[in-house]
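Okay, here's what each chain looks like letter by letter:
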Amino acid sequence: MQNSKQIIIRAALAVWLALPVAAQAQSSSLNAFSPYTFYGLGDFSTQGPAYMRSMGGVGVGYRNSMKINYINPASYSLLGRKTFLFNVGIEGNNTYSKTAEAKTSHNSFNVRDIALAMPLGRGVGLGVSVTPLSSVGYRVQMEDTDPLLLANDKYVVYNYVGDGTVTQAKLGLGVQVTKHLALGADMVYYHGRTTRSFSTTVTSLMTSTQYSNAVGRSSETISRIGMNFGLQYDILRNDKRILTFGATYRPKLNLKPENERIVYTSGIESDTVSYSDGKQSFNLPGMLRAGLFYQTHKLGVGFDYSMEQWNGINPPDSQDDVVFKNNQYYRVGVEYTPNAIDIRRFLNRWTYRFGVYYNDYYMRINGHKINDVGLSVGVGIPIKMQGFSSVNLGLTWGCRGTTATGMIGTRQFRMVRENYIKVSIGLSLFGEDDWFKRFKYQ
């Protein structure tokens, strides 16, 4: 049998090889498919491993020595002396979009997160994770109904395409300060590239002759380092129950994306090229997240609240009537395990999870709020009759947006209502199962 050092070396190599794969998979345009990713940083991903997302995303107060919690770095302080945790997750997303006049659907499936955690000493733990922060992915078409153009036998069609992902890689440290208080901090590296393209075509109403055409592309590359701070405090702790208050704070950070723009205009009347590049200013807002998590040997119940201060930190898009606003997020989650140490009835060792959430989104578009509401269910299945390794399966259903229609100047807009289903699979490995056992032969 392999000794523990060989196992650790092989696992470390596996993580090292897997991290670029996760980053590459997350840069795919398939991570999101929504017109609401047209502006800003796109859709922000629900944070946390699969077992947390099955509880509506609850987790800032979650404290468990056998599970990775990279939402709050203070949780790393609880890792046992002979513990090495590894987590990998994948997620499929089915989105069904509807306007007042049309319907469409889109599917995606990607590696979502990779994380590991290990103790450095008594009451001190280290965690590393790579997860998506936000994703852009859309295909939008708009028509210009300017009366002046129509009177001159012309109409304009605008086509917009965007894709890309911003990934966050965290290196965190958690320290047990007192019996009830733990503190932690993450160094976060934000990296990613988003590309947005457009084409504008002026066409004759009578003959379909194209008078002019404009094509442009804008790409933004982000590479910045930020911080994230966390704490967990056990309000109540005894042999039967634990009530933990958790909080994290992410300071505001100017991402300073490197922007490159190129525009080609061509047609019968003109032929020009425009090019520009340089750093822009776009701020990732400060975010405060706080919550409670109550645990017994069978039951866990949590509530999280978070607020991102988007208001006023980035200029609005007055042409398309887009305003950034403060974003509030509410999450409630429950998990239940009938008997975690029952070696006779395997189903009693399964963990059953449920959660709900509400998010009022960080933009107001065309005067409309883009509320996002959903519920999630999941189950954690132990891999062996004895041990802490498990497969976590989750299903999330949600809806967002509205089917309102209207005008932006002379351009017609159609808002989109999205119904989505997300399937998540997470593999939580090792715990104390096989890492530090001494094998014997007879």
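Residues numbered from 1 in each chain as written. Predicted model: local features only at pLDDT ≥ 70, side-chain atom pairs only at ≥ 80, totals over all residues. Heavy atoms only, no water.

Would you explain the environment of Thr165 in this entry?
The residue Thr165 is located in strand β5 (residues 154–176) in this model. Relative accessible area serves as the criterion here: at 2%, Thr165 is assigned to the buried category. When the C-alpha positions of Thr165 and Thr195 are compared, they lie 9.5 Å apart, and in sequence the two are 30 residues distant. A polar atom in the side chain of Thr165 sits 3.3 Å from the side chain of Ser135. (Helix = DSSP H or I, 4+ residues; strand = E, 2+ residues; numbered from the N terminus. Buried < 20%, exposed > 50% of the residue type's maximum accessible area, 1.4 Å probe, protein only. Polar contact = N/O pair within 3.5 Å; in protein donor to acceptor, adjacent residues only side chain to side chain.)

Help me understand empty space enclosed by the protein in this model?
Over the atoms, a rolling probe the size of a water molecule traces out where space has been left empty. Applying the stated criterion across every chain, the model contains four cavities of 30 Å³ or more. Looking at the largest cavity, its volume works out to about 1,000 Å³. Phe44, Ser45, Thr46, Gln47 and Leu133 are, among the 50 residues lining the largest cavity, the residues nearest its centre. If you tally residues by element for the lining of the largest cavity, the top one is strand β3 (residues 103–121), at five residues. (1 Å grid on protein atoms, 1.4 Å probe; cavity = no way out; pocket = protein on both sides within 12 Å on 5 of 7 lines; lining within 4 Å. Points joined across faces, edges and corners; volume = space filled by probe spheres on them.)

Would you mind showing me how to read the environment of Ser424 here?
As for its position among the elements, Ser424 is in strand β24 (residues 417–431). For Ser424, a relative accessible area of 6% puts it in the buried group. Taking the C-alpha atoms as reference points, Ser424 and Leu393, separated by 31 residues in sequence, lie 5.8 Å from one another. Leaving out residues up to four positions away in the same chain, Ser424 has contacts with Ala50, Arg53, Ile90, Glu91, Asn392, Leu393 and Gly394. (Contact = heavy atoms within 4.5 Å.)

When you look at the nonpolar core in this model, what are you seeing that I'm missing?
In summary, soluble globular proteins display a tendency toward joint burial of nonpolar side chains. Of all hydrophobic cores here, the largest spans 33 residues; its most connected members are Tyr190 and Met363. Where this core is concerned, the elements lending two or more residues are β4 (124–144), β5, β6 (181–204), β15 (322–324) and β18 (363–365). The element that contributes the greatest number of residues to this core is β4, accounting for five residues. Residues contacting Tyr190, with those up to four places away along its chain left out, are Leu133, Thr167, Gln168, Ile222, Ser223, Arg224, Gly226, Arg250, Leu253, Leu255 and Leu284. (Core = buried A, V, L, I, M, F, W, Y, C linked by side-chain atoms within 4.5 Å.)

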